[in-house]
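Secondary and tertiary structure notes
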Amino acid sequence: MSHYNANLRDIEFCLFDLLKRDEIMGKSIFKDVDRETATGMLEEIKRLAENDLAESFIESDRLGVQFNKETGDVKLPESFKKSYRTFMDNEWWRIDAPVEIGGTLIPASLRWAIAEMVLGSNPSIHIYASGTAFAHVAYVLGNDDQKKMAKLMVDNDWGATMQLTEPDAGSDVGAGRSKAVQQSDGTWHVTGTKRYITSGDSDLNPNIVHYVLARPEGAGPGTKGLSLFLVPKFMFDFETGELGKRNGVYVTALEDKMGLNVSATCEVNLGEKEPAVGYLLGEVHEGIAQMFKVIEFARMMVGTKAIATLSTGYQQALLYAKQRIQGGDMKVMNDKASPRVEIIRHPDVRRSLMVQKSYSEGMRALVLYTASIQDEIELAIKAGDTDRTKDMEALNDLMLPIVKGYGSEKSWTLLGTESLQTFGGAGFTRDWPIEQYVRDAKIDTLYEGTTAIQGLDFFFRKIVKDGGRAMGLLGKEIKIFTETGGAHAPEKAALLKALDDLNAIIATLVGRAMESQTDAEKIYTVGLNTSRCLMAVGDIITAWLLLRQADIALAKIPNAGKDLEFYNGKIASAKFFVGNYLPQIAADRKIVEATDNSIMNISDAAF
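These notes cover the structure that comes with them.

**Regarding the side chain of Ser 202**
With respect to the helices and strands, Ser 202 occurs in the loop between β5 (188-198) and β6 (208-216). Using a relative accessible area of 5% as the deciding quantity, one classes Ser 202 as buried. For Ser 202, the side chain forms a polar contact with the main-chain nitrogen of Leu 204, separated by 3.2 Å.

What follows is the structure, given as structure tokens:
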């Protein structure tokens, strides 16, 4: 039996009932994808994910990858390659490619709904298949030759990597030492060592194009001095795609990891054995800005992966809790002769399951809400609505660190403390896939910037630098909803109170940041709380989306039919989340307001 069970009913509820995505489908730029077509795509990817893709998930983790130190080549398990080929041969790559080179334009909300099922069933397939998304960047930002390269990447199923991190620089990308020297033919020779490179090599694709950040000879320090180069594993003919000699980019080591073992994470050397020939993307020195096009996609993917894993972890825990018989009902626990019951009847197991349910469904809505903003950006651009485009782009920028940072942190924590815990000791064994979920999900809090980095980005770039504009747009929308009353008026009042507490948290942190201009050490009190702020915003948005779903569910109950318990579950999870998690934001406010620099003044030796 497959380890994966897609929650398609909830995905469709989010897309069509909550976010009304059917209203944009079949029209304008999405005219080729109406609701019926979208539903068909979702049903087909569910079937594929639960069977062909999920089939190799456990075995490929056990077998891992093989690395040849002499050649620098990586080989993957045959079962995984079969799953990958099934995904690619069914042409799901088309949803990431530009229409001009064979792609199919669909709403971002539908795209990420599809991605959830792929990432939940076998995340490494989606990761290795990202070459098409990289090709999209080369096509949009590249010169004429690079547009040809993008088409070759799509037509020939070439892989791709993102190469930022270096051994000595880590997350401080601007400290990277990789260099690029221009040649007389217009190409560049790139030298340096990169580390923690996902999909650094494999035998899935005939060629791999590495997107490498390097500093051109004579360029200044920091991130502003970096440019982005396309460095292929094999040189090739730009017209025919015929592969030529091996380029000078080689994997020199494979990371020995705690999870996601079929995803090859590599150390890569450029230019040591022979010149690593690269092409300056777009013939402009805008490396960080260009790479952020890839990073934004990657952060959305990581958050979706984490949340998809929590969803399937919850499904596994729920199944186990309904089947595992242990202990008597608590209300007659002193009666040793009382019948044994399924563990779902025990209060704390029930609490745990509702925690998992509310977070997994709420954060699914968080991902798809963010994706719906991306839909609106495309529609606003098409309509020539500059003001709306700017608003939606600012809102999307605000949401990305929440999807990635909040989504990954909550998912990883809950998978270990709630999903695995539901199984008791059985969860610590390989008899169940939950231990792999926990291992595989930890990387999500580290990929593409740790949670702490997401918190810093969220506060300093997405709130302070933005002047609070996007946060104000979101806050206004939430506030309007809290005033709609109805059957959930008490919960909406609690949401409004939490929103007020959040605004006070942000105001305090902004005030401290301003004070740091004359008292530099004040900035420490901000840095001590940016992750706390990010988590608080995530909880408020999740509560808001859960309550919106509860309102919809309540209205549908009179004609619910077989969906009655689904709708009852929506109402229950919203009330549970509001009652158990929003009160914590008031405590966060008190903590932020009381934060001082005492922890920064402790000597290092005292730790």
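From this point, the discussion proceeds with the structure in view.
**Structural notes on empty space enclosed by the protein**
Scanning the model with the defined rule gives 7 cavities of 30 Å³ or more in all. Size it by volume and the largest cavity reaches roughly 100 Å³. What lines the largest cavity is a set of 15 residues, and nearest its centre among them are Phe 87, Trp 92, Asp 96, Arg 111 and His 126. Broken down by secondary-structure element, the contributors of at least two residues to the lining of the largest cavity are α4 (78-89) and α5 (108-121). Of the residues assigned to the lining of the largest cavity, the class counts are 10 nonpolar, 3 polar and 2 charged.

**Quick look at the packing of aromatic side chains**
Evaluated as defined, the whole model comprises 19 aromatic pairs. Geometrically, the ring pair formed by Trp 112 and Phe 297 is tilted, given 5.5 Å between the ring centres and 45° between the ring planes. You can see Trp 112 sitting in helix α5 and its partner Phe 297 sitting in helix α9 (residues 287-323), a full 185 residues away along the chain. This pair shows no difference in class: Trp 112 is buried, exactly as Phe 297 is. Arranged with centres 5.0 Å apart and planes meeting at 65°, the rings of Trp 158 and Phe 236 form a pair that is edge-to-face. Of this pair, Trp 158 sits in the loop between α8 (144-155) and β3 (159-163) while Phe 236 sits in strand β8 (residues 234-236), and the two are 78 residues apart along the sequence. Taken as a pair, Trp 158 and Phe 236 share a single burial class, namely buried. The rings of Trp 158, Phe 236, Phe 238 and Tyr 279 are connected pair by pair, giving a single aromatic cluster. Just above the ring of Phe 16 sits the side chain of Arg 35; from NZ or CZ to the centre is 4.1 Å. Geometry around Phe 481 places Lys 492 over its ring, the cationic atom sitting 4.8 Å from the centre.

**Remarks on the nonpolar core**
Formed by 191 residues in total, the largest nonpolar core has its most connected members in Phe 87, Trp 112, Tyr 211 and Leu 474. No other element matches α9, which puts 16 residues into this core. Every residue in contact with Tyr 211, bar those within four places of it in the chain, is listed here: Phe 134, Ala 135, Ala 138, Met 153, Ala 160, Thr 161, Met 162, Gln 163, Leu 228, Phe 229, Leu 230 and Met 291.

**Notes on the environment of Lys 31**
Residue position: Lys 31 is located in the loop between α1 (8-18) and α2 (35-53). When its relative accessible area of 55% is taken as the criterion, Lys 31 is described as exposed. Considering only alpha carbons, one finds Lys 31 and Leu 105, 74 residues apart in sequence, at a separation of 9.2 Å.

**A word on the layout of surface pockets**
In this model, the second largest pocket occupies a volume close to 500 Å³. Looking at the second largest pocket, it is lined by 20 residues, and the ones nearest its centre are Tyr 314, Leu 318, Lys 322, Lys 357 and Gly 569. Those elements that place two or more of their residues in the lining of the second largest pocket are α9, α10 (347-383) and α18 (564-581). A per-element tally of the lining of the second largest pocket places α10 first, with 5 residues. Taken together, the residues of the lining of the second largest pocket sort by class into 8 nonpolar, 4 polar and 8 charged.

**What to know about a nonpolar patch on the surface**
There is a patch of nonpolar side chains on the surface, built from Tyr 524, Leu 528, Ile 599, Met 600, Ile 602 and Phe 607 and spanning about 570 Å² of accessible area. Positionally, Phe 607 belongs in the segment after α20 (598-601).

**Remarks on the pairing of β6**
Extensive coverage of β6 is indicated by the burial of 9 of its 9 residues. Relative to β6, strand β4 (residues 179-182) is paired through 2 bridges, and the arrangement is parallel. In the strand pairing of β6, Ala 180 is matched with Pro 216. Relative to strand β7 (residues 227-232), β6 is paired through 6 bridges, and the arrangement is antiparallel. If you follow Ala 214 over to β7, its bridge partner there is Ser 227.

**Side note on helix α13 (residues 451-464)**
The terminal C-alpha atoms of α13, which comprises 14 residues, lie 18 Å apart, in line with the 20 Å expected from a rise of 1.5 Å per residue. Along its length, α13 shows its largest kink, about 25°, at Phe 458. Among the residues of α13, Thr 451, Gln 454, Gly 455, Asp 457, Phe 458, Phe 459, Lys 462 and Ile 463 are the ones counted as buried. Contact partners of the buried residues in α13: α9, α11 (386-422), α14 (469-482), α15 (489-515), α16 (523-527) and α17 (530-556).

**Section: helix α19 (residues 583-594)**
For the α-helix, the turn length of 3.6 residues means that residues three or four positions removed from each other point alike. Here α19 spans 18 Å end to end across 12 residues, near enough to the 16 Å set by a 1.5 Å rise per residue. Buried residues along α19 sit against α15, α17 and α18.

**Looking at unusual backbone geometry**
With phi around 45°, Ser 28 is a residue other than glycine that occupies positive phi space. Mapping Ser 28 onto the fold places it in the loop between α1 and α2. Take Ser 28: its relative accessible area is 44%, and that puts it in the partly exposed class. For Glu 448, which is not glycine, the phi torsion reads 50° and is therefore positive.

**Examining the environment of Met 117**
With respect to the helices and strands, the residue Met 117 is situated in helix α5. For Met 117, a relative accessible area of 0% translates into the label buried. Between the C-alpha atoms of Met 117 and Arg 47, which are 70 residues apart in sequence, the distance is 9.6 Å. Discounting chain neighbours no more than four positions away, the residues touching Met 117 are Tyr 4, Ala 6, Leu 8, Ile 11, Leu 42, Ile 45, Lys 46 and Ala 49.

Scoring rules and cut-offs
Residues numbered from 1 in each chain as written. Predicted model: local features only at pLDDT ≥ 70, side-chain atom pairs only at ≥ 80, totals over all residues. Heavy atoms only, no water. Helix = DSSP H or I, 4+ residues; strand = E, 2+ residues; numbered from the N terminus. Buried < 20%, exposed > 50% of the residue type's maximum accessible area, 1.4 Å probe, protein only. Polar contact = N/O pair within 3.5 Å; in protein donor to acceptor, adjacent residues only side chain to side chain. 1 Å grid on protein atoms, 1.4 Å probe; cavity = no way out; pocket = protein on both sides within 12 Å on 5 of 7 lines; lining within 4 Å. Points joined across faces, edges and corners; volume = space filled by probe spheres on them. Nonpolar A, V, L, I, M, F, W, Y, C, P; charged D, E, K, R; others polar. Phe/Tyr/Trp six-rings, centres within 6.5 Å; stacked < 30°, edge-to-face > 60°. Lys NZ or Arg CZ within 6 Å of the ring centre and 35° of its normal. Core = buried A, V, L, I, M, F, W, Y, C linked by side-chain atoms within 4.5 Å. Contact = heavy atoms within 4.5 Å. Patch = residues over 30% accessible without salt bridge, like charges linked within 9 Å, V, L, I, M, F, W, Y side chains within 5 Å. Areas by Shrake-Rupley, 256 points an atom, 1.4 Å probe, with all protein chains shown as cover. Salt bridge = Lys/Arg side-chain N within 4 Å of Asp/Glu carboxyl O. Pairing = 2+ DSSP bridges. Expected span 1.5 Å × (residues − 1). Bend = angle between axes of the 7 residues up to and from the residue.

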